[in-house]
Amino acid sequence: MLRKDHNDLLTQTGPDTPMGRMFRSYWIPALLSEELPENDCPPVRVKLLSERLLAFRDSEGRLGLIDEFCAHRGVSLWFGRNEECGLRCSYHGWKYDVTGQCVDVPSEPEGSRFARKVTLTSYPLVERGGVLWTCMGPADRQPPLPEWEFATVPAAQTRTTKRWQESNWLQAMEGGIDSSHVSFLHRGDLNSDPMFKGARGNQYNLSDSRPVFEVVESPGGLYIGARRNAEKGHYYWRITQWVMPSFTMIAPRGNHAVHGHFWIPMDDESCWTWSFDYHPTRELTGAELDAIRDGKGIHVKYVPGTFRPLANKDNDYLIDRAAQKAGRTFSGVEGFGMQDASLQESMGPIVDRTKEHLVSTDSGIIMARQRLLRAVKAFAADGVTPPGVDPEHQRVRSAALILPPDQPFKDGAREAMIARPAVAPSSV
Ligand code: FES
Ligand SMILES: [Fe+2]
């Protein structure tokens, strides 16, 4: 369990909260590059850390992320005209550039300098790995650009999607570092999903549902090792990376693409679940790209024209009780992504952690909370830069490997847990 004041501290991420301010120390994914496909295309609403913002690409290709609402009388600039290097409000024509500077108030007399005095909040927006990233902290504390491997390999080797999740970010993230649920919730899909099937490691997952967890602190977060029995007294290790505040990378399977997530608060009761698949040394195949588009693996199908999953809480996630009874799926919900999201959303928008009963397989979650609490307290008290901001902390990999019984995973997997260009992932 977690004390109520600690639960509040970790789950509240608005602009005036300690956790919200700490989130603003990082480059976080804001939207997909494909959402702003060309110069002067329509602007896109983006809600992040309880702020309503608007992203746009101007006539010269410059990217901006500004307050959604016009400084004049507060209408949404989403209705605005993206033209001639700025976004013009549809109500009375005030115009803003990508930095949020007002550049024209057409009702003012010729030569008026009034517009120069008007600015909207704005944040940087940079493109990397098919994702547009922002850093919402003070400009003078902006860290180096993100170096996650999935965002720095050639474009043909990586693909990222996002979906709207109707829960607080923390319970979603905790699902991502809870590797023990794979043997239950996802067991029906391990051998059928095109992004997972056929790996030797799947058999260890299915035959040993009592993994032993060993969790070790890493520079940016945690190495979360889950140990299951393999042949001849050896162990099958799956090592998940968690890098603060909310990056996870799940251990690979066979020669499949490697995947992971970011969970970014939209507000305290909803978050963006970002899901990436990439391979460090090869291009994704046409079949893999089709599967991602089709909502397989950790991706989902959408309500057309939105990032809301097609299976969502308004339709009971299209639960199929017959499939559940027959054992085709464990929970009756189809697909890894919605199996996870349905249960995480079922906890309520912000789960009451004072009522939990944690067990040994929750040790990754317990240590992640401790690490977050330590970091947010040090950040709030002394402005200490939290782990995960330094790009060095981001050059990590998850790993799957077989080790002899006397070898600690942090030694046996030492090299495998570092992202090195052109070096194949360690996978079983
Ligand atoms: S409200 Fe935007 S110009 Fe008047
Ligand atoms: Fe899961």
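First, a word on what this report is: a plain description of the structure on this page. Note that the structure is a prediction, hence the values are computed from the model and not measured.

**Structural notes on the sheet that holds strand β7 (residues 95–96)**
Read from one edge of the open sheet, four strands run β5-β6-β7-β8, paired in antiparallel fashion. Every interior strand has two partners, whereas the edge strands, β5 (81–82) and β8 (102–104), have only one. Of the pairings in the sheet, the one linking β5 to strand β6 (residues 87–88) comprises two bridges and is antiparallel in character. Its bridge partner being in β6, asparagine 82 is matched across the sheet by leucine 87.

**So, the coordination of the iron ion (ligand 2)**
Within the protein, His181 (NE2), His186 (NE2), Asp340 (OD) and Asp340 (OD) serve as the donor atoms for the iron ion (ligand 2), at 2.1 to 2.4 Å. Classification of the site at the iron ion (ligand 2) as irregular follows from its four donor atoms and the range of 57 to 145 degrees in their angles at the metal.

**Details of the sheet that holds strand β3 (residues 51–57)**
The sheet built from four strands is open, its strands ordered β2-β3-β4-β9 with antiparallel pairing. Two strands lie at the open edges of the sheet, namely β2 (44–48) and β9 (122–123), each paired on one side alone. Where β3 meets strand β4 (residues 63–67), five bridges bridge the pair, whose relative direction is antiparallel. Note that in β4 the partner of leucine 53 across the bridge is aspartate 67.

**What about unusual backbone geometry?**
For residues that are not glycine, phi is negative in most cases, and the peptide bond is trans in most cases. With omega at -5 degrees, the peptide bond leading from methionine 244 into proline 245 counts as cis. Inspection of the secondary structure puts proline 245 in the loop between β15 (235–243) and β16 (247–249). In this structure, aspartate 316 is a non-glycine residue whose phi angle is positive, near 50 degrees. Here aspartate 316 is to be found in the loop between α6 (286–293) and α7 (321–326). Residue aspartate 316 is classed as exposed on the basis of its relative accessible area, which comes to 54%.

**Topic: the packing of helix α4 (residues 169–176) against helix α9 (residues 363–382)**
At a minimum axis separation of 10 Å, α4 and α9 run at an interaxial angle of 135 degrees. Judged on the interaxial angle alone, α9 and α4 are oblique. When you trace α4 past α9, the crossing you get is right-handed. Facing Trp169, Leu170, Met173 and Glu174 of α4, the residues of α9 in contact are Ile365, Arg369 and Leu372. Class assignment of the residues belonging to the contact of α4 with α9 gives a composition of five nonpolar, no polar and two charged.

**Quick word on the packing of aromatic side chains**
Per the stated rule, a full pass over the model turns up 18 aromatic pairs. Between the aromatic rings of phenylalanine 184 and phenylalanine 330, the centroid separation amounts to 6.2 Å while the plane-to-plane angle is 55 degrees, which identifies the pairing as tilted. Residue phenylalanine 184 is located in the loop between α4 and α5 (201–207), and its partner phenylalanine 330 is located in the loop between α7 and α8 (336–346); the two are separated by 146 residues in the primary sequence. The class of phenylalanine 184 is partly exposed, set by a relative accessible area of 37%.

**Notes on the nonpolar core**
Met22, Leu31, Phe150, Trp242, Phe247 and Leu372 are the most contacted members of the largest nonpolar core, which has 66 residues in total. Counting residues per element, this core draws most heavily on α9, at seven residues. Once residues lying within four places of it in the same chain are set aside, the contact partners of methionine 22 are Met244, Leu372, Ala375, Val376, Phe379 and Pro386. Residues Leu54, Cys70, Leu87 and Tyr96 belong to the second largest nonpolar core, which totals 15 residues.

**Structural notes on the pattern of salt bridges**
Taken as a whole, this structure holds 30 salt bridges when the rule is applied. Within the structure, one salt-bridge network assembled from shared partners comprises Arg81, Glu83, Arg88 and Asp104.

**Describing the side chain of arginine 369**
For arginine 369, the position within the fold is in helix α9. The exposure class assigned to arginine 369 is buried, which follows from its relative accessible area of 4%.

**Comments concerning the environment of arginine 113**
Mapping arginine 113 onto the fold places it in the loop between β8 and β9. Among the residues examined, arginine 113 registers a relative accessible area of 56% and is labelled exposed. In this structure, the C-alpha to C-alpha distance between arginine 113 and valine 103, residues ten residues apart in sequence, is 9.5 Å.

**Quick word on the pairing of β4**
With four of five residues buried, β4 is to be regarded as a mostly interior element. Counted along the chain from β3 to the antiparallel partner β4, the turn is five residues long, and its residue glycine 61 has a positive phi close to 85 degrees. When β4 meets β9, the two strands line up antiparallel, connected through two bridges. In the sheet register, isoleucine 66 faces β9, and the bridge partner there is serine 122.

Thresholds, definitions, all that
- Residues numbered from 1 in each chain as written.
- Chains lettered and ligands numbered in written order.
- Predicted model: local features only at pLDDT ≥ 70, side-chain atom pairs only at ≥ 80, totals over all residues.
- Heavy atoms only, no water.
- Pairing = 2+ DSSP bridges.
- Helix = DSSP H or I, 4+ residues; strand = E, 2+ residues; numbered from the N terminus.
- Donors = N, O, S within 2.8 Å, 3.2 Å for Na, K, Ca; no water.
- Tetrahedral: all angles 85-135°; square planar, octahedral: opposite > 155°, others 65-115°.
- Buried < 20%, exposed > 50% of the residue type's maximum accessible area, 1.4 Å probe, protein only.
- Axes fitted to C-alpha atoms, helices over the stretch in contact; angles between N-to-C directions.
- Parallel < 35°, antiparallel > 145°, perpendicular 65-115°, else oblique.
- Left-handed = near helix turned anticlockwise from the far one by under 90°.
- Contact = heavy atoms within 4.5 Å.
- Nonpolar A, V, L, I, M, F, W, Y, C, P; charged D, E, K, R; others polar.
- Phe/Tyr/Trp six-rings, centres within 6.5 Å; stacked < 30°, edge-to-face > 60°.
- Core = buried A, V, L, I, M, F, W, Y, C linked by side-chain atoms within 4.5 Å.
- Salt bridge = Lys/Arg side-chain N within 4 Å of Asp/Glu carboxyl O.

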